[in-house]
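# Topology and contacts: notes
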Amino acid sequence: MKALDTAQLQALDREHHLHPFTDFKQLGEEGTRVIERAEGIYLWDSNGNKMLDAMAGLWCVNIGYGRKELAEVAYEQMQQLPFYNAFFKTTHPPAIDLAKLISEVTPAHMNHVFFCGSGSEANDTVFRMVRRYWDLKGKPNKKTFISRINAYHGSTVAGASLGGMGYMHEQGDLPIPGIVHIAQPYWFKEGGDLSPEEFGIKAAQALEEKILELGEDSVAAFIAEPIQGAGGVIVPPETYWPEIKRILDKYDILLVVDEVICGFGRTGHWFGSDYYGLKPDLMPIAKGLSSGYLPIGGVVVGERVAETLIEEGGDFNHGYTYSGHPVSAAVAAANIRILRDEGIVDRVREETGPYLQKRWRELADHPLVGEVRGVGLVGALELTNDKAARTRFDDKGSTGTLCRDFCFNNGLVMRATGDTMIISPPLVITKEEIDELVEKARYCLDLTAKELGVI
Ligand SMILES: *Cc1c(COP(=O)(O)O)cnc(C)c1O
């Protein structure tokens, strides 16, 4: 195809391309931004604008853009064996290598992985695997999943149902049966007069109340992100996870920790479960698994479930054509080696994570900012018209959209979830680049405040 200019690309995009989570008509009218290339933590659009990508694509480009080693691994693997499946008693070296490598970086009790193509497919796999487990245990009534309002677990039917996004449930009669949602640990929005510590306990106790209401005999699993990502980088109060652990120890239900965002170094630890000291039975993974260079996901399975599936399971009637795809697997393995051998995860924990959190928190003095939070290289800012009351300018999220548009037009990709501004930059970001990120964020907050007449 001969090189097209921006207007031609936008016209063709409007004619033929339906975008994810998009008002198609509105986007057609506004026109898309065409991203053409990337290097390190920067993107360039078709008009030559350079942008600092503080979202690592979509929370996934952990090793940064432009790593030629990954392109070479893919090129070689495509020539060696571009595809083979793992269905009929066959396997191939890339899937074996990746499964072994994953078991080396995951918690000690987790040594098996089931591969799929994405985070959504991983959660569909969770849905089937958990129910299969309880069937094998002779407890087929243990079917119900407890999740949380405003959780994100993907966009397939089971993924969207496990998730707690009301605007997704509205379309297509979701959630499917057997999935219930409890309150989320979102203090800024829902904490009322309670301290964050009190609120964390209260939000966690919703789990115990729900277990008692449904009856332990009907509950299969609790599923949660360590830190809710798409929901607005909701870092739970410090009391939350310890109280959840206390409750889980009391009842015989599985813990599914959705590591699709927190996994592979985001918090400065390999997994969010390491950061919070959790012992998951299952961990859906994707995104940072390949740093987004090729699509791949998986479910990491802990001893308890793996032993039952292996020893007592017989056939597990589930899988995907692309489960363990050789090229994706080879690229993911190379990505994990880069994260490990270049000390990238360690650097996030020791150096760049603490530095980002220190600089990011300086934004708390801005007149629009009601709360600053984050862990490692993920963070959020709450925009407010009243810092003490924690209220919004309106209930439509228009302040967040305004700020996000200023960011995009001033060389910073920072995302808005309602009036919460969120960042999740590549893990290779340097201290100088963190300075640039925070300065650009402050500048765009100023532009937003001026537009609103606040300063
Ligand atoms: C992105 C995401 C998913 C879904 O992953 P896809 O690859 O988009 O299907 C699931 N869970 C969490 C926590 C996510 O952030």
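In the block above lies the structure referred to throughout.
The rules behind each value
Residues numbered from 1 in each chain as written. Predicted model: local features only at pLDDT ≥ 70, side-chain atom pairs only at ≥ 80, totals over all residues. Heavy atoms only, no water. Helix = DSSP H or I, 4+ residues; strand = E, 2+ residues; numbered from the N terminus. Buried < 20%, exposed > 50% of the residue type's maximum accessible area, 1.4 Å probe, protein only. Polar contact = N/O pair within 3.5 Å; in protein donor to acceptor, adjacent residues only side chain to side chain. Contact = heavy atoms within 4.5 Å. Axes fitted to C-alpha atoms, helices over the stretch in contact; angles between N-to-C directions. Parallel < 35°, antiparallel > 145°, perpendicular 65-115°, else oblique. Left-handed = near helix turned anticlockwise from the far one by under 90°. Nonpolar A, V, L, I, M, F, W, Y, C, P; charged D, E, K, R; others polar. Salt bridge = Lys/Arg side-chain N within 4 Å of Asp/Glu carboxyl O. Pairing = 2+ DSSP bridges. Core = buried A, V, L, I, M, F, W, Y, C linked by side-chain atoms within 4.5 Å. Domains from an automatic or database assignment. Patch = residues over 30% accessible without salt bridge, like charges linked within 9 Å, V, L, I, M, F, W, Y side chains within 5 Å. Areas by Shrake-Rupley, 256 points an atom, 1.4 Å probe, with all protein chains shown as cover. Lys, Arg positive; Asp, Glu negative; His and termini not counted. Charge placed at Lys NZ, Arg CZ, Asp CG, Glu CD. Phe/Tyr/Trp six-rings, centres within 6.5 Å; stacked < 30°, edge-to-face > 60°.

Before going further, it helps to examine the side chain of His109. Relative to the elements of secondary structure, His109 occurs in the loop between α5 (93–105) and β4 (110–116). Residue His109 is classed as buried on the basis of its relative accessible area of 12%. Polar contacts involving the side chain of His109 include one to the main-chain carbonyl oxygen of Pro280, which spans 2.7 Å. When near neighbours in sequence (up to four residues on either side) are disregarded, His109 contacts Lys279, Pro280, Gly302 and Glu303.

The angle between the axes and the distance between the axes are what describe a pair of packed helices. Relative orientation of the contacting elements helix α10 (residues 196–214) and helix α11 (residues 240–250) amounts to 20°, with a least axis distance of 8 Å. Taken together, α10 and α11 sit at an angle that is classed as roughly parallel. Here α10 runs over α11; the crossing is right-handed. Residues Gly200, Ile201, Ala203, Ala204, Gln205, Leu207, Glu208 and Ile211 of α10 lie in contact with α11, whose contacting residues are Tyr240, Glu243, Ile244, Arg246, Ile247, Leu248 and Lys250. Residues of the contact of α10 with α11, tallied by class, amount to 9 nonpolar, 2 polar and 4 charged.

Tallying each qualifying case throughout the model produces 24 salt bridges. For the salt bridge of Glu342 with Arg67, the shortest nitrogen-to-oxygen distance reads 2.6 Å. Residue Glu342 is located in the loop between α14 (326–341) and α15 (344–361), and its partner Arg67 is located in the loop between α3 (56–59) and α4 (68–80); the two are separated by 275 residues in the primary sequence. Members of the salt-bridge network, linked through shared partners, are Lys100, Glu104, Arg340 and Asp341.

Taken in spatial order, the 4 strands make up an open sheet running β11-β12-β15-β14, and their pairing is antiparallel. If you trace the sheet from one side to the other, it starts and ends with β11 (369–375) and β14 (415–417), each paired once. Across the sheet, the axes of successive neighbouring strands diverge by a mean angle of 25°, strand direction being ignored. Of the strand pairs in this sheet, β14 and strand β15 (residues 420–423) are connected by 3 bridges, and their pairing is antiparallel. Residue Ala416 lies in a different strand from β15, and its bridge partner there is Met421. In the packing of helix α16 (residues 398–409) onto the sheet, contacts are made with β12 (378–383), β14 and β15, and the angle to β14 comes to roughly 175°.

Within the largest apolar cluster, 62 residues are counted, with the highest numbers of intra-cluster contacts made by Leu98, Ile102, Phe264, Leu289, Ile336, Trp360 and Met414. When residues of this core are sorted by domain, at least three fall in each of domain 1 (33–66 + 344–452) and domain 2 (69–341). Leave out the neighbours within four places in its chain, and Ile102 touches Val113, Phe115, Ile285, Leu289, Val300 and Ile336. Counting residues in hydrophobic clusters, the runner-up holds 43 residues, among them Ile182, Ile227, Tyr240 and Ile253.

Looking now at the pairing of strand β3 (residues 50–53). Strand direction decides the pairing type here: strand β2 (residues 42–45) and β3, joined by 3 bridges, are antiparallel. By the bridge assignment, Tyr42 is partnered in β3 with Leu52. Hairpin remark: β2 followed by β3, antiparallel, with 4 residues in the connecting loop; positive phi at Gly48, about 85°. Bridging between β3 and strand β13 (residues 412–413) involves 2 bridges; their strand directions are parallel. Among the inter-strand pairings, Leu52 is bridged to a residue of β13, identified as Leu412.

Bringing the sheet that holds strand β1 (residues 35–39) into the picture now. Across the sheet, 4 strands lie side by side as β1-β2-β3-β13; this open sheet has mixed pairing. Two strands lie at the open edges of the sheet, namely β1 and β13, each paired on one side alone.

On to a negative patch on the surface. A contiguous patch of negative charge on the surface is contributed by Glu303, Glu307, Glu311 and Glu312. Examined against the element boundaries, Glu307 turns out to sit in helix α13 (residues 303–312).

Aromatic rings in a pair are described by how distant their centres are and how their planes are angled relative to each other. This structure, assessed with the given rule, holds 11 aromatic pairs. Geometrically, the ring pair formed by Phe264 and Trp270 is edge-to-face, given 6.4 Å between the ring centres and 85° between the ring planes. We classify Phe264 as buried; its relative accessible area is 0%. Among the aromatic residues, those joined into a cluster by ring pairs are Tyr240, Trp241, Tyr275 and Tyr276.

Turning our eyes to something else, we now look at the pairing of β2. Residues Tyr42 and Trp44 of β2 are buried on one face, and the alternating residues Leu43 and Asp45, pointing to the opposite face, are buried as well. In the sheet, β1 pairs with β2 via 4 bridges, with the strands oriented antiparallel. Looking at the pairing, Glu39 lines up with Tyr42 of β2.

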